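# Close look at the chain arrangement
As a plain string of letters, each chain reads:
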Amino acid sequence: MDQPASERPVSAASAAEEQLTYDFRTAEPHWQRVWEEHGCFAVPDVPHDGRPKYYVLEMFPYPSGKIHMGHVRNYTLGDVLARYKRARGFTVLHPMGWDAFGLPAENAARERNIHPKQWTFENIAAMRSELKRMGFSIDWRREFATCEPSYYGHQQKLFLDFLRAGFVERRESWVNWDPVDNTVLANEQVIDGRGWRSGAPVERRKLAQWFLRITKFAPELLKALDELVRWPERVRVMQAKWIGYSEGARLRFALTKPEGSISEVEVFTTRPDTLFGMSFLALAPEHPLAALVAARDPNAAAFIAECQRLGTSEAVIETAEKRGYDTGLRVRHPFLPDQTFPVWIANFVLMEYGTGAIFGCPAHDQRDLEFARAYGLPVLPVVLPPGKDASEFVIGTEAYDGPGTMINSGFMNGLDVEAAKRAAIAELERLGIGKKEINWRLRDWGVSRQRYWGCPIPIIHCPQCGVVPVPEKDLPVLLPEDVRFDLPGNPLAHHPSWQDVACPHCGGPAKRETDTLDTFVDSSWYFARFCSPHANTPVDRAAVDFWLPVDQYIGGIEHAILHLLYSRFFTRAMRACGYLKIDEPFTGLFTQGMVTHESYRGADGRWLYPDEVERKPDGSLVHRQTGEPVTAGRVEAMSKSKRNTVDPDAIVARYGADTARWFILADNPPERDMEWTEAGVQGAHRFIQRLFRLAKSIAAQCPPDLAKPQTFSKEALNLRRTTHRTIVAVTQAIEDFGFNIAVARIHELANAIAEAERIRNVDEAAGLNWAKREAIETLTRLAAPMMPHLAEEMHALLCPGAGLLAEKEWPEAEAALAQPVTVTIAVQVMGRLRGTIEVPPGTDRAEVLAAAEAEPNVARQLAGKQIVKRIYVPDRIVNFVVSD
RNA sequence: GCGAGAGUGGCGGAACGGUAGACGCAGCCGACUCAAAAUCGGCCGACGCAAGUCGUGUGGGUUCGAAUCCCUCCUCUCGCACCA
């Protein structure tokens, strides 16, 4: 079938046939246009072409305004895989969208008086065109932004379904409150316990909020980690620890005298075996008993207020100096009713975990020990480490949390730790004051945000009927656009009319919920929406059944826990509501490293952009304009504050997208942090030009219709072997995400072709032209996923009229040529390398050992010694163990 | 503080428990050039004339053999639930 002239793939360089350099400025937009016109990367919601599916997804970007190198790296990794899988015969879904709700838009509105919607969509437009210049093989027809009602309206539907299914709950919880700005602060807006704008000390405040009951799925979320074999081990470990299954005991401590209505304190512990080592009981500052004490004791109230100024961040609370307040109350020991212990309020006890109260056993818990030392509380060891003597075992500055034998522990004496745990629980149950309990560290997911730029929670509060879901016919609940950002707090809450609504039940006046959803909700199901982005339900069942799960998900390690866990929960909740049939959203996960850059400071100590710095031939750094000396700082993650950023758009303008992509892939393994360097980019660019020259030269010498020769010279055969070995190696490297290895092998093939290019001797030239063409065409296909524009250009040069490379299949290696002809065997004497021998692969042991012993240097080392043992690892190594 | 990772030439890195340093960057030497750039070729862990010795953050261990497995310590990175 002939194509219309305007669509026929044509080398962009054909107009200037004589040019020797690759003109990426013409070629890259040209091929991007051709791919677009051919719909190379578009797939239907429900394909019926019989090909296997492959869903490649990179974490979608927040539209901050410009793409950064982290994005380029992320989407390049995904694009290599998407293009590779397409060539391997898969029908590939590779979409792109925008995680478009969130705080920065609201901050921009307050600072620059621009509406969040306008700010967001302008950013999206800018970033979309930047991404398109990178040449990613994305089905852009599927693009959406989470801030569009056509996305968040469906999310509201899911929320209502979850509510009906019992996955949503309303309860009170603590937030960071800025008493000057009268607003809720995110943890990152609390700096050293103060509001980032007002500078006022923050307070913890209790608000009624919506929660998603992720804890319902805790056992399943933990267990299913075992099946995620294509996830990095460390992510699975981190999630498992985060979910935090623990077995222990819940028990009640009786107060010696009741405080108001409270006469006992409940405690969860994983160490009931250490109860005899108890030294104190500690309450979280938010504990109800602490509040009762504070009501009559101003010092307690002051201490609690002090603790609450730390904000809600666990990291801050746990790193703060351990402090406490002795309430004067005492509790009885559960096993020794005559003994009583003080009740403290402690800043490191978390209300969210367990019961918000702990018993302290300083000898066997480091935190308790530090607390006990600070306040002079007794430290009694009850677990004796193996091999220690009870009379000499003392606790210094280190608590002992290992195994051992119980001492000082009444009826548990002599038991090991595990047996003692069982014995303690049995005794608590016998006394009727406690029981065995399984506890999870995972907490329910608080999704209420007191902010404007998010998905409105579809709930109505009626003074008569209480909490009433918005009827589905009234969805979506749209965000009003006429909001003010010059007042503190949530703009939705002081909108003059938006909240006012008739109660769907009684018809009486009611108010809309003014909280919006956490933006993590938006990103917890977008991968499902991409399967059918225009469906008038959250997902189209046939589309998600076809495409999901995502076969390969790629993003930063910083999302190892929260985003990935929330998505895993959402998938299960959607399954329960009949939207999906799968349990796990992402069967493969790859976590990339950061992009870093050297940082620079000028003479005045201010941070400088890399563009402002010039490197002199002697290696010293000076300011490009002023000539003042510049000092190089650490190599660290690119950030605006350190100004160590490189703008992808500027790189694409100067070197082209393929150069940026190639450098990113070549520099180092993708899971590790990479350092962006100008020298590295230039090296990548030189290689691209070199490949172009090779292709140009071979296209001129070796016609495309060359018949396959009967015989090949040794040199030609060597080149063919390299070609076919490279196919195997590059294929394996891509499958393993070893893109830097794939790049190295492609370099080797290019070197081999260049070497063949230098052959002028006629005897050596038999079949060489054919072999050279085979090699460069193969190289073109192997490099295509990584540098798609140049590859397309080379393909057009080498195989004019043969259609688009983007639609061509992956090369197949001929097994006979990919096998090595000889192997090098290392010969060691006593584990030290003394020589090497060359043998055909599979040579038998006796023959190899004889050759090894005969190797001159080895023979010299063996002279006068007895060979005690001969070790032979086939095709690899010989080791002689000798004695004098 | 708690949890999880990482560390190999001047630099990025390669290496099923089996020749440490593939490939690239930088550097040095040479070819081409009036010259420079570009390009092409060669050299390139340290010490040593050599044989060889040392060498994968530190210190130990397992093994015929350890960058790789185990333990100790150091440094850096990520996460800690309202940044995304």
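Computed from a predicted structure; not experimentally measured.

### Looking at the side chain of Thr722
- Counting through the fold element by element, Thr722 comes out in helix H20 (residues 714-735).
- Judged by its relative accessible area of 15%, Thr722 is buried.
- In this view, Thr722 contacts Leu749 and Ala752; residues no more than four positions away in its chain are not counted.

### Some thoughts on the packing of aromatic side chains
- For the structure shown, the criterion picks out 45 aromatic pairs.
- Plain terms: the ring middles of Tyr22 and Phe692 are 5.6 Å apart, the flat faces sit at 35 degrees to each other, and that makes the pair tilted. In this pair, Tyr22 is assigned in the segment before helix H1 (24-38) and Phe692 in helix H19 (residues 678-701), connecting sequence segments 670 residues apart. The exposure classification of Tyr22 matches that of Phe692, with both residues buried.
- Plain terms: the ring middles of Phe546 and Trp547 are 4.8 Å apart, the flat faces sit at 85 degrees to each other, and that makes the pair edge-to-face.
- Judged by its relative accessible area of 23%, Phe546 is partly exposed.

### Re the nonpolar core
- Ranked by size, the top nonpolar core spans 176 residues in total, and within it Tyr55, Tyr526, Leu548, Phe570 and Trp676 carry the most contacts.
- Looking at this core element by element, the count peaks at 10 residues for helix H21 (residues 739-757).
- Ignoring anything within four residues of it in the chain, the contact list for Tyr55 reads Leu93, Pro95, Phe527, Phe530, Cys531, Trp547, Leu548, Pro549, Val550, Asp551 and Gln552.
- If you look at the next biggest cluster of nonpolar residues, it comprises 47 residues, including Leu251, Phe253, Phe335 and Val383.

### Considerations on the protein's contact with RNA strand B
- Close to RNA strand B lie 71 residues; Asn187, Arg451, Asp667, Arg758 and Asn879 are nearest.
- The protein-proximal atoms of RNA strand B, defined as those within 4 Å of the protein, are 65% sugar or phosphate.
- Asn187 places a main-chain nitrogen or oxygen 2.6 Å from a sugar or linking oxygen of RNA strand B.
- Within the side chain of Asn751, a nitrogen or oxygen atom sits 3.2 Å from a phosphate oxygen of RNA strand B.
- Top contributing element to the surface near RNA strand B by residue count: H21, with seven residues.
- For the surface near RNA strand B, the class distribution of residues is 26 nonpolar, 20 polar and 25 charged.

### What about the sheet that holds strand E3 (residues 168-178)?
- Ordered in space as E4-E3-E7-E17, the four strands form an open sheet in which the pairing is antiparallel. Of all the strands in the sheet, just strand E4 (183-185) and strand E17 (445-446) have a single pairing partner and so form its edges.
- In the sheet, E3 pairs with E4 via three bridges, with the strands oriented antiparallel. Bridge assignment links Trp177 to a residue of E4, and that residue is Val184.

### Some details on the pattern of salt bridges
- Tallying each qualifying case throughout the model produces 59 salt bridges.
- Close ionic contact of Arg250 with Glu266 constitutes a salt bridge, the shortest N to O distance being 2.9 Å. Of this pair, Arg250 sits in strand E8 (residues 245-259) while Glu266 sits in strand E9 (residues 262-269), and the two are 16 residues apart along the sequence.
- A salt bridge links Lys511 to Asp500, with the nearest nitrogen and oxygen atoms 2.8 Å apart. One end of the pair, Lys511, is in strand E22 (residues 509-512); the other, Asp500, is in strand E21 (residues 500-502), with 11 residues separating them in the sequence.
- Classification of Lys511 by relative accessible area gives partly exposed; the value is 41%.

### Observations regarding the sheet that holds strand E20 (residues 466-469)
- What the four strands build is an open sheet, ordered E20-E19-E22-E21; its pairing is antiparallel. A strand with exactly one partner marks an edge of an open sheet, and here the two such strands are E20 and E21. Mean inter-strand twist for the sheet, computed between neighbouring axes without regard to direction, equals 40 degrees.
- Strand direction decides the pairing type here: strand E19 (residues 459-462) and E20, joined by four bridges, are antiparallel. Pairing of His461 across the sheet is with Val467, part of E20.

### Comments concerning the environment of Met786
- Inspection of the secondary structure puts Met786 in the loop between helix H22 (768-783) and helix H23 (788-798).
- Judged by its relative accessible area of 0%, Met786 falls in the buried class.
- With 705 residues separating them along the chain, Met786 and Leu81 place their C-alpha atoms 9.0 Å apart.
- Residues within four places of Met786 in sequence aside, it is in contact with Val80, Arg661, Trp662, Leu665, Ile734, Ala742, Val743 and Ile746.

### Concerning the side chain of Glu774
- Checked against the element boundaries, Glu774 lands in helix H22.
- You can call Glu774 buried: its relative accessible area is 13%.
- When residues no more than four places from it in sequence are discounted, the contact partners of Glu774 are Arg720, Thr723 and His724.

### Observations concerning the packing of helix H18 (residues 657-667) against H23
- H23 packs onto H18 with a crossing angle of 115 degrees between their chain directions and a minimal axis gap of 7 Å. Along its contact with H18, which presents Ala657, Asp658 and Arg661, the element H23 presents Pro788, His789 and Leu790.
- Partitioned by chemical class, the residues of the contact of H18 with H23 number three nonpolar, one polar and two charged.

### Here we look at the confidence of the model for chain A
- Here chain A averages 91 in pLDDT, while 97% of its residues score no lower than 70.
- For the stretch residues 1-18, pLDDT sits under 50, and the model shows 24 contacts to residues farther than four places along the chain or on other chains.
- As a predicted assembly, this complex carries a pTM of 0.93 together with an ipTM value of 0.95.

### Comments concerning the pairing of E9
- Both E8 and E9 contribute to a ladder of seven bridges, which runs antiparallel. By the bridge assignment, Phe253 is partnered in E9 with Val265.
- Between E8 and E9, which pair antiparallel and follow one another directly, the connecting turn spans two residues, one of which, Gly260, has a positive phi of 60 degrees.

Criteria and thresholds
- Residues numbered from 1 in each chain as written.
- Chains lettered and ligands numbered in written order.
- Predicted model: local features only at pLDDT ≥ 70, side-chain atom pairs only at ≥ 80, totals over all residues.
- Heavy atoms only, no water.
- Helix = DSSP H or I, 4+ residues; strand = E, 2+ residues; numbered from the N terminus.
- Buried < 20%, exposed > 50% of the residue type's maximum accessible area, 1.4 Å probe, protein only.
- Contact = heavy atoms within 4.5 Å.
- Phe/Tyr/Trp six-rings, centres within 6.5 Å; stacked < 30°, edge-to-face > 60°.
- Core = buried A, V, L, I, M, F, W, Y, C linked by side-chain atoms within 4.5 Å.
- Near = heavy atom within 4 Å.
- Polar contact = N/O pair within 3.5 Å; in protein donor to acceptor, adjacent residues only side chain to side chain.
- Nonpolar A, V, L, I, M, F, W, Y, C, P; charged D, E, K, R; others polar.
- Pairing = 2+ DSSP bridges.
- Salt bridge = Lys/Arg side-chain N within 4 Å of Asp/Glu carboxyl O.
- Axes fitted to C-alpha atoms, helices over the stretch in contact; angles between N-to-C directions.
- pLDDT = per-residue confidence, 0-100.

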